[in-house]
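# Structural characterization, general
Read off the chains here:
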Amino acid sequence: MRSYIKTLVFAIIILCGIWYLSDPVSALDVVKKPELIAGLVVLLIALIFNGKITNDLRKIRYEKLTEEEKLKIDSEGDWLMKTYKKLLGSKPIEEEHEIILDHNYDGIKELDNDLPPWWKYGFYISIVFAIAYMFKYHVFNGDTQIDELNQAYVIAKKEIEEYKKTAKNLVDFNTVEVLTEESDLKKGKAIFEMNCVACHKADGGGGIGPNLTDEYWILGGGIKNVFKTVSEGGRDGKGMIAWKQSLKPIEIAQVSSYLLQFQGTTPAEPKDAEGEIWNAENESN
Ligand code: HEC
């Protein structure tokens with residue numbers, strides 16, 4: 001029995017150690033690492049076997065003892081029992097007369113026991129802890145939980161930025177922003193020249209499709225609306241198809257960013273303005 005408790009305690013200590021070292025955000029992070037789980041299972045099996053062997057050995061050794069020694073061991077218990085008794089610190093019944101107080105209430109007497117050692121040591125430890133705590137947080141102004149939270153936010157923000165860089169393809173109507181990087185605009189230009197010039201002209205002046213250089217928009221200006229128009233297409237029967245079939249989200253964002261640069265330029269043969277004047281305040285509508 002004792003060795004199984006030991007096994008369990010060991011396993012818990014090891015688990016806590018791994019937990020602490022791998023610094024997981026949630027229990028899932030630990031579960032997600034299969035090699036860790038496999039290692040733990042092997043360790044646990046090893047511990048159980050070890051426990052079983054020591055248990056058997058102890059039994060064999062016990063059988064070999066003389067009756068007297070057996071009795072002594074039985075009465076004292078093993079180290080677990082012994083430490084437990086020690087921590088309680090109570091006097092054995094035979095010695096109780098040494099600590100009995102000399103009053104007597106209707107036959108009820110009082111023992112003047114010492115404080116149990118487990119309590120006393122716990123108290124000392126809490127004093128040490130309190131001093132360390134006071135110095136860390138009130139003298140040297142260590143990081144409070146709020147500070148730690150804010151630091152975690154800063155790190156998380158950076159990670160999101162990093163993630164966004166590698167996940168540009170995830171843009172949609174709601175998250176799209178004007179791309180300003182040279183490489184994106186270059187790609188946008190290439191896409192525009194390959195797919196759109198037939199109807200919108202290379203300079204955006206318009207033909208079958210409307211003029212993209214003026215501030216008049218049929219379907220709404222600004223990156224969000226343009227992104228939506230390009231991916232979902234124009235009104236039925238007008239000839240502007242939904243490009244999401246053939247262009248990736250990032251490509252739509254690139255070509256939309258590129259064509260917004262036509263704003264305010266003067267094309268060779270501008271088509272008459274169509275739609276309404278767009279200003280950015282309307283963007284939220
Ligand atoms: C077959 C001709 C055709 C092609 C090719 C074409 N468009 Fe269009 N486009 C149109 C027409 C027609 C409209 C007007 C739609 C409407 O009135 O609903 C339009 C509208 C638009 C608008 C909205 C303009 C506004 O005033 O609201 C944008 C932005 C646009 N096109 C971008 C593109 C892009 C980018 C491409 C290439 C990927 C492209 N178009 C390819 C015909 C075309």
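Since this is a predicted model, take the numbers as computed values, not measurements.

### Topic: the overall build of the chain
The secondary structure content of the chain amounts to 11 helices and four strands. Against the compact-globule benchmark of 19 Å for 285 residues, the chain has a radius of gyration of 39 Å, which places it well outside the compact range. Along the first, second and third principal axes, the C-alpha atoms of the chain reach 115 × 50 × 35 Å. Every one of the 285 residues in the chain was classed for burial, and the buried ones make up 13%.

### Brief notes about the site of the ligand
Neighbouring the ligand are 24 residues; Cys196, Cys199, Gly209, Gly234 and Met240 lie closest to it. Of all the secondary-structure elements, those providing two or more residues to the shell around the ligand are helix H8 (182-195), helix H9 (197-200), helix H10 (222-232) and helix H11 (249-260). Its residues placed into classes, the shell around the ligand shows 15 nonpolar, seven polar and two charged.

### A word on the environment of Phe173
Tracing the backbone shows Phe173 in the loop between helix H7 (145-166) and H8. The exposure class assigned to Phe173 is partly exposed, which follows from the 14 C-beta atoms found within 10 Å. Apart from the residues within four sequence positions on either side, Phe173 is in contact with Lys224, Phe227 and Lys228.

### Concerning the nonpolar core
Grouped together as the largest cluster of nonpolar side chains are 17 residues, with contacts concentrated most on Phe192, Phe227, Val230, Ile252, Ala253, Val255 and Leu259. Element by element, the count of residues in this core is highest for H11, at five residues. For Val255, the residues in contact, after removing those within four places along its chain, are Gly188, Ile191, Phe192 and Val230.

### Some details on the packing of H10 against H11
Relative to each other, H10 and H11 sit at 125°, their axes nearing to 9 Å. Judged by the inter-axis angle, H10 sits oblique to H11. In the packing of H10 onto H11, the handedness of the crossing is right-handed. Only Ile252, Ala253, Val255, Ser256, Ser257, Leu259 and Leu260 of H11 make contact with H10, whose side of the interface consists of Ile223, Val226, Phe227, Val230 and Ser231. When its residues are assigned to classes, the contact of H10 with H11 shows nine nonpolar, three polar and no charged.

### A closer look at the pairing of strand E2 (residues 108-111)
Strand direction decides the pairing type here: strand E1 (residues 100-105) and E2, joined by three bridges, are antiparallel. By the bridge assignment, Tyr105 is partnered in E2 with Ile108. Where E1 folds back on E2, the antiparallel hairpin that results is connected by two residues, among which Asp106 adopts a positive phi of roughly 45°.

### A few points about the domain arrangement of the chain
Domain assignment breaks the chain into domain 1 (2-76) and domain 2 (182-284). Between the C-alpha centres of domain 1 and domain 2 the distance comes to 69 Å.

### Details of helix H5 (residues 79-88)
For H5, a buried count of zero out of 10 residues is recorded, marking the element as mostly open to its surroundings. Among the residues trailing H5, Gly89 stands out with phi positive, at a value near 65°.

### What to know about the confidence of the model for the chain
Any segment with low pLDDT has predicted coordinates that should not be analysed in fine detail. The share of residues in the chain with pLDDT of 70 or more is 93%, and the mean pLDDT across the chain is 86. Across the chain, H8 holds the top mean pLDDT of 95, while helix H2 (residues 27-31) sits lowest at 65.

### So, the environment of Lys70
You can see Lys70 is positioned in helix H4 (residues 67-76). You can call Lys70 partly exposed: it has 13 C-beta atoms within 10 Å. With residues up to four places along the chain from it excluded, the contact list for Lys70 reads Tyr62 and Leu65.

The rules behind these values
- Residues numbered from 1 in each chain as written.
- Predicted model: local features only at pLDDT ≥ 70, side-chain atom pairs only at ≥ 80, totals over all residues.
- Helix = DSSP H or I, 4+ residues; strand = E, 2+ residues; numbered from the N terminus.
- Rg over C-alpha atoms; globule rule 2.2 N^0.38 Å.
- Buried ≥ 20, exposed ≤ 12 C-beta atoms within 10 Å, placed from the backbone.
- Near = placed C-beta within 6 Å.
- Nonpolar A, V, L, I, M, F, W, Y, C, P; charged D, E, K, R; others polar.
- Contact = placed C-beta atoms within 7 Å.
- Core = buried A, V, L, I, M, F, W, Y, C linked by C-beta atoms within 7 Å.
- Axes fitted to C-alpha atoms, helices over the stretch in contact; angles between N-to-C directions.
- Parallel < 35°, antiparallel > 145°, perpendicular 65-115°, else oblique.
- Left-handed = near helix turned anticlockwise from the far one by under 90°.
- Pairing = 2+ DSSP bridges.
- Domains from an automatic or database assignment.
- pLDDT = per-residue confidence, 0-100.

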